[in-house]
Amino acid sequence: MTDTFKKKSDDEPAQPSGLRKSLTSYGDNGFSLFLRKAFIKGAGYTDSALDRPVIGIVDTGSAYNPCHGNAPQLIEAVKRGVMLAGGLPMDFPTISIAESFSQPTSMYLRNLMSIDTEEMIRAQPMDAVVLIGGCDKTVPAQLMGAASAGIPAIQLITGSMLTGAHRGERVGACTDCRRYWGRFRAEEIDEAEIAVVNNQLVASVGTCSVMGTASTMACIAEALGMTVPGGASPPAVTSDRMRVAELTGTQAVQMARENLTIDRILTAQAFENAMRVLLAIGGSTNGIVHLTAIAGRMGYDIDLQALDRMGRETPVLVDLKPSGSHYMEDFHKAGGMATLLREMKPLLNLNALTVTGRTLGEEIDAAGPAFAQNVVRPFDKPIYPQGGIAVLDGNLAPGGAIIKQSAANAKLMEHEGRAVVFENGADLAARIDSDDLDVTPDDILVLKNIGPKGAPGMPEAGYIPIPRKLAVKGVKDIVRISDGRMSGTAFGTIVLHVTPEAAVGGPLAHVRTGDRIRLSVSKREISLLISDEELAARAKGSPVTIPTADRGYRKLFYDTVTQADKGVDFDFLRATQTRGVIPRR
Ligand code: FES
């Protein structure tokens, strides 16, 4: 027996590291290690290489996921960083999820990806892990999985796509996708032009170029302290992005050596910082669902009412579409997160630890001085005076609902109207463009059964299209309400995440066409204007059948998925111990 396979001596660390971790169960650990090394040597490794700290690199490259189209280059750069720091890089695949290639919806698969990520981190030997993600659900899935796995972890964002141009106008996915599609539906542009625009909206690989969910989660990951400083904003195809990747690899080795585990980063302070940033960037409404799920993995509950109070003192400072006018590449040139965090300093927990082993405050100070730019506004000159997301309450949503007020129409935020109800997505598709649809611009469109269990997977169908008969008359917005989500790139006066959802018998299930509904964003109210007795009578008269399935992942999903206020995670994946409520009171 060589030294390599000797049993541990007394002065060896209590916890195995490197290739000795997570040994396969053969009933003889010496043999397990012997066999493992024999097989990996089949790939040409030396004992010297195999004795180094092992850094796992999660490869989510996929031909189906152009948002991760730079994964091969990123992996190469991470490996370079790992090896420069004396580690052994080991890349491995997990599920990859791209928004427009996921049926029924990417959210249906987020928890599956988190399980895959968690279990592959647990199953394979690694002292730290680099999580390469970018498209909307991938970063939350990876942070959820890594939070549960518990080892040192660092997030590497794939980076945003470049912008294109159409007839002199700068365009980028996907706010402009929706805007041009709306113009096409309204017959303002023809088929030839919409085909030309289609070539320009996504000008390179990378994630959506506005402050959609992907960019939101990138900013949140950096605010949580889970990326190297400046890791959120470099576009996918830039040298800055590759340098971030190399630094990420180097930092992962340092984290492995110091055993800087994820629970030391994902603290209550870090989550509060992330919530502040979500509000200040005018971030995607999906961000709150994902943040709730990640926090749940660490044993924290998110208090939506307290988040709303936080929003009243956290203005939107980042001028990016859909709340503003710029794109992610502009945010990067404006200094990225350092510029924003510097403006927000009085609101942040500066002592929160980051993956560098330094605090967020130390990283902000190290980022250098501010400079003139027009993408991140000064704190006293915001683009919107409150946080981007407001939390609504009322008899229509006893568990809460949200609205992205910074991307809503100011004229419609105090509005009472007649409900025009669609029972589900199929009903909507069948009738929304009908000339017979009885609808006016003052009505309120209500879409049921697109919540976590309803669709299933809570699809981004909450961005209900303007009925064609109104769109062709120039109507650009109308109040819309659903138990679903909407893309972070979308805009309009749209109430989302109505909880409990219709499919489990929430009040939304009992709304009828012709009912009156009141929305008051200033009062944080969403009310169905019928009596409690009438609502109870309707619930009794038409009870809902909660959907289920016979087998497979769909059965697991239906049986265990939680509501929006719990992050739409599976109930059994949440941490077993509750640590507290965020934001802390
Ligand atoms: Fe992947 Fe927008 S579709 S980030």
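Cut-off values and rules
Residues numbered from 1 in each chain as written. Predicted model: local features only at pLDDT ≥ 70, side-chain atom pairs only at ≥ 80, totals over all residues. Heavy atoms only, no water. Helix = DSSP H or I, 4+ residues; strand = E, 2+ residues; numbered from the N terminus. Rg over C-alpha atoms; globule rule 2.2 N^0.38 Å. Buried < 20%, exposed > 50% of the residue type's maximum accessible area, 1.4 Å probe, protein only. Contact = heavy atoms within 4.5 Å. Areas by Shrake-Rupley, 256 points an atom, 1.4 Å probe, with all protein chains shown as cover. 1 Å grid on protein atoms, 1.4 Å probe; cavity = no way out; pocket = protein on both sides within 12 Å on 5 of 7 lines; lining within 4 Å. Points joined across faces, edges and corners; volume = space filled by probe spheres on them. Pairing = 2+ DSSP bridges. UniProt positions renumbered as here; feature names shortened; annotations may be inferred. Salt bridge = Lys/Arg side-chain N within 4 Å of Asp/Glu carboxyl O. Axes fitted to C-alpha atoms, helices over the stretch in contact; angles between N-to-C directions. Patch = residues over 30% accessible without salt bridge, like charges linked within 9 Å, V, L, I, M, F, W, Y side chains within 5 Å. Parallel < 35°, antiparallel > 145°, perpendicular 65-115°, else oblique. Left-handed = near helix turned anticlockwise from the far one by under 90°. Nonpolar A, V, L, I, M, F, W, Y, C, P; charged D, E, K, R; others polar.

Enquirer: I'd like a description of the overall build of the chain, backed by residues and values.
Expert: Counting its secondary structure elements, the chain contains 19 helices and 16 strands. Over its C-alpha trace the chain gives a radius of gyration of 24 Å, about what one expects of a compact globule, namely 25 Å for 585 residues. Here the C-alpha coordinates of the chain stretch approximately 80 × 55 × 50 Å along the principal axes. Here the chain holds 585 residues, and 59% of them are scored as buried. A sequence separation of at least 24 residues applies to 75% of the contacts in the chain between residues at least 6 apart. As displayed, the chain has an accessible area near 22700 Å², and 52% of this comes from carbon and sulfur atoms.

Enquirer: Provide a residue-level description of the layout of surface pockets, including the pertinent values.
Expert: One number sums up the size of the largest pocket: a volume of about 1000 Å³. Around the largest pocket sit 38 residues that line it, and Glu99, Ser100, Cys174, Arg178 and Glu460 are the ones nearest its centre. For the lining of the largest pocket, the secondary structure elements donating two or more residues are α6 (175-185), α7 (191-200) and α8 (213-223). Of all the elements, α6 adds the most residues to the lining of the largest pocket, at three residues.

Enquirer: Any details on the environment of alanine 549? Residues and values, ideally.
Expert: Tracing the chain through its elements places alanine 549 in the loop between α18 (532-541) and α19 (552-560). Sequence separation of alanine 549 and phenylalanine 34 is 515 residues, and the distance between their C-alpha atoms is 45 Å. In this structure alanine 549 touches Arg554, Lys555 and Tyr558, once residues within four positions along its chain are discounted.

Enquirer: I'd like to hear about the pairing of strand β8 (residues 389-392), residue by residue, with values.
Expert: On β8, burial covers both faces: Ile389 and Val391 on one face and Ala390 and Leu392 on the other are all buried. As judged from the four bridges shared by β8 and strand β9 (residues 401-404), these two strands associate in the antiparallel manner. Bridge pairing in β9 links valine 391 to isoleucine 402.

Enquirer: Describe the UniProt feature "domain: Dihydroxy-acid/6-phosphogluconate dehydratase N-terminal" (unreviewed entry) in the chain, with residues and values.
Expert: Residues given the UniProt feature "domain: Dihydroxy-acid/6-phosphogluconate dehydratase N-terminal" (unreviewed entry) here are residues 52-362. Along residues 52-362 the backbone is 47% helical and 10% strand, and the end-to-end C-alpha distance reaches 30 Å.

Enquirer: Tell me about the environment of glutamine 254, and name the residues and values.
Expert: Inspection of the secondary structure puts glutamine 254 in helix α9 (residues 239-258). In this structure glutamine 254 comes out as partly exposed when scored by relative accessible area, which is 34%. Spatially, the C-alpha atom of glutamine 254 lies 20 Å from that of phenylalanine 92, the residues being 162 residues apart in sequence.

Enquirer: Explain empty space enclosed by the protein residue by residue, including any values.
Expert: Counted by the stated rule, this structure contains two cavities of 30 Å³ or more. By volume, the largest cavity is sized at about 90 Å³. Considering the residues around the largest cavity, the lining is formed by Ile288, Val289, Thr292, Leu304, Gly399, Gly400, Ala401, Ile402, His497, Thr499, Ala564 and Asp565. Those elements that place two or more of their residues in the lining of the largest cavity are α11 (286-297) and β9.

Enquirer: Which residues make up the pattern of salt bridges, and what values do they have?
Expert: One pass over the structure, following the stated rule, counts 41 salt bridges. Where arginine 185 meets aspartate 433, a salt bridge forms, and the shortest distance between an N and an O atom there is 2.6 Å. A residue pair is termed long-range when its members are at least 10 positions apart, and arginine 185 in helix α6 and aspartate 433 in the loop between α16 (425-431) and β11 (444-447) qualify at 248 residues. For arginine 185, a relative accessible area of 12% corresponds to the buried category. Its salt-bridge partner being lysine 448, residue glutamate 423 comes within 3.3 Å of it at the nearest N-O pair. Here the residue glutamate 423 occupies a position in the loop between β10 (414-422) and α16, and lysine 448 occupies one in the loop between β11 and α17 (468-471), the gap between them amounting to 25 residues. Owing to a relative accessible area of 38%, glutamate 423 belongs among the partly exposed residues under this scheme. Look at the salt bridges and you will find they share partners, linking Glu118, Glu119, Arg122, Arg297 and Asp569 into a network.

Enquirer: Got a sec to walk through the UniProt feature "domain: Dihydroxy-acid/6-phosphogluconate dehydratase C-terminal" (unreviewed entry) in the chain? Specific residues and values, please.
Expert: In this numbering, the UniProt entry assigns the feature "domain: Dihydroxy-acid/6-phosphogluconate dehydratase C-terminal" (unreviewed entry) to residues 374-567. Helix makes up 15% of residues 374-567 and strand makes up 19%, while its end C-alpha atoms are separated by 34 Å.

Enquirer: I'd like to hear about the sheet that holds strand β4 (residues 153-157), residue by residue, with values.
Expert: Sheet architecture is open: four strands sit in the order β2-β1-β3-β4, paired in parallel fashion. Looking along the sheet, the strands with just one partner apiece sit at the ends: β2 (88-93) and β4. Neighbour to neighbour, the strand axes of the sheet diverge by 25 degrees on average, direction disregarded. Its contacts with the sheet put helix α5 (residues 138-149) on β1 (54-59), β3 (128-133) and β4, and the angle it makes with β3 is roughly 160 degrees.

Enquirer: Can you explain a nonpolar patch on the surface? Please cite residues and give values.
Expert: Taken together, the side chains of Tyr26, Phe31 and Phe34 make up a nonpolar region of the molecular surface, amounting to roughly 320 Å² of accessible area. Turning to its location among the elements, phenylalanine 34 is positioned in helix α1 (residues 29-41). A residue is classified by how much of its surface remains accessible, and phenylalanine 34, at 44% relative accessible area, is partly exposed.

Enquirer: For the packing of α8 against α11, give the residues involved together with the corresponding values.
Expert: The angle between the axes and the distance between the axes are what describe a pair of packed helices. Packing of α8 against α11 brings their axes to within 9 Å, and their N-to-C directions diverge by 45 degrees. Here α8 lies oblique to α11, going by the angle between them. In the crossing of α8 with α11, the sense of the turn from one axis to the other is right-handed. Every residue of α11 that contacts α8 at Thr213, Thr216, Met217 and Ile220 is listed here: Asn286, Gly287, His290, Leu291 and Ile294. The residue makeup of the contact of α8 with α11, split by class, is four nonpolar, five polar and no charged.

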